[in-house]
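Coordinates in review
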Amino acid sequence: AAEGYSSPVTEGNDFHFVVTLGGNYKEGANFKVKANGVELTKVGGGYVIENITANQEITVEGVVEKSTYTVTLPTGTGFTAVPAATFTTTVVEGNDFSFVVSVVGNYREGANFKVKANGVELTKVGGGYTIENITANQVITVEGVEELPKYTVTWTDGTGYQITAATGYTSP
């Protein structure tokens with residue numbers, strides 16, 4: 001429940017105030033600020049009740065909770081995609097989401113490597129990717145991860161010598 005406050009104002013004076021919305025709230029389509037039922041107009045970042053000659057009750061209507069959206073990170077061969085520190089895959093409307101894509105194992109970023117959010121290519125900055133001002137669910141895709149090429153080493157033993165692969169490698 002909301003807490004009530006009051007402030008004395010001398011007759012004929014104005015009362016200036018601001019309305020600050022909590023982090024997970026926004027002005028809805030029917031947002032209004034009223035004094036004694038009369039809608040006030042926002043001026044310079046705040047509101048003013050002018051020439052007060054009676055008690056005033058300020059009311060605020062149309063504050064709505066911001067939507068939350070889901071960021072879907074891909075799984076695939078040769079890479080991992082994880083949220084950056086302090087980020088989760090559930091994001092409040094208007095917030096940003098940062099994540100890291102790492103190529104692992106015997107894979108590399110190929111010539112056509114791309115990371116996309118809802119089909120739009122993202123640019124890597126400082127080791128990761130950021131989607132700013134999220135207003136819809138996001139699906140991340142990673143393209144162009146390729147396996148490192150494998151080559152064959154061949155040899156022939158000769159007179160007076162033998163070649164043997166070291167531990168971890170295959171010898172005939």
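Anything mentioned here points back to the structure above.
The following paragraphs examine the structure supplied in this document.

Reading the values: the criteria
- Residues numbered from 1 in each chain as written.
- Predicted model: local features only at pLDDT ≥ 70, side-chain atom pairs only at ≥ 80, totals over all residues.
- Heavy atoms only, no water.
- Salt bridge = Lys/Arg side-chain N within 4 Å of Asp/Glu carboxyl O.
- Helix = DSSP H or I, 4+ residues; strand = E, 2+ residues; numbered from the N terminus.
- Buried < 20%, exposed > 50% of the residue type's maximum accessible area, 1.4 Å probe, protein only.
- Contact = heavy atoms within 4.5 Å.
- Pairing = 2+ DSSP bridges.
- Phe/Tyr/Trp six-rings, centres within 6.5 Å; stacked < 30°, edge-to-face > 60°.
- Polar contact = N/O pair within 3.5 Å; in protein donor to acceptor, adjacent residues only side chain to side chain.
- Axes fitted to C-alpha atoms, helices over the stretch in contact; angles between N-to-C directions.

1. Describing the pattern of salt bridges
Opposite charge on two side chains makes pairing possible when the charged atoms of those side chains draw close. Evaluation of the coordinates by the stated rule reveals 5 salt bridges. Residues K34 and E61 are paired through a salt bridge, measuring 3.2 Å at the closest nitrogen-oxygen approach. Here K34 is found in strand 2 (residues 25-35), whereas its partner E61 is found in strand 5 (residues 58-65), with 27 residues between them in sequence. For K34, a relative accessible area of 18% translates into the label buried.

2. Some remarks on the environment of L148
Its location among the elements puts L148 in the segment after strand 13 (138-147). As a C-alpha pair, L148 and A84 span 64 residues in sequence and 26 Å in three-dimensional space. Apart from the residues lying within four places of it in its own chain, the contact partners of L148 are N106, Y107 and R108.

3. Structural notes on the pairing of strand 2
As judged from the 7 bridges shared by strand 2 and strand 5, these two strands associate in the antiparallel manner. Within the sheet, the bridge partner assigned to E27 lies in strand 5 and is V63. Examined bridge by bridge, strand 2 and strand 3 (residues 38-39) share 2 bridges and lie antiparallel to one another. Considered in strand 3, the bridge of A35 is made with V38. The hairpin formed by strand 2 and strand 3 contains 2 residues between the paired strands, and N36 there has a positive phi angle of roughly 50 degrees.

4. Topic: the packing of aromatic side chains
Using the criterion set out here, one finds 5 aromatic pairs in the structure. Judged by centre distance (5.8 Å) and plane angle (25 degrees), the rings of F15 and F17 are stacked. For F15, a relative accessible area of 23% corresponds to the partly exposed category. A connected cluster of aromatic rings, assembled from ring pairs, spans F87, F97, F99 and Y129.

5. Some words on the side chain of E93
Relative to the helices and strands, E93 is located in the loop between strand 8 (90-92) and strand 9 (97-103). Only 2.9 Å separates the side chain of E93 from the side chain of K26, close enough to count as a polar contact. If we ignore the near neighbours within four places in the chain, the residues touching E93 are K26, K66, S67, Y69 and I134.

6. Things to note about the pairing of strand 10 (residues 107-117)
Relative to strand 13, strand 10 runs antiparallel, the two being bridged by 7 bridges. Residue pairing in the sheet places A117 in a bridge with I140 of strand 13. Sheet topology note: the strand 10/strand 11 (residues 120-121) ladder contains 2 bridges and is antiparallel. Across the sheet, the residue bridging to K116 is E121, located in strand 11. Connecting the antiparallel pair strand 10 and strand 11 is a turn made up of 2 residues, with N118 showing a positive phi of about 50 degrees.

7. Notes on the sheet that holds strand 7 (residues 79-83)
Overall, antiparallel pairing links the 3 strands, which are arranged 7-9-12 in an open sheet. Each edge of the open sheet is held by one strand with a lone partner, namely strand 7 and strand 12 (129-131). Sheet twist, expressed as the average angle between the axes of neighbouring strands with direction ignored, equals 25 degrees.

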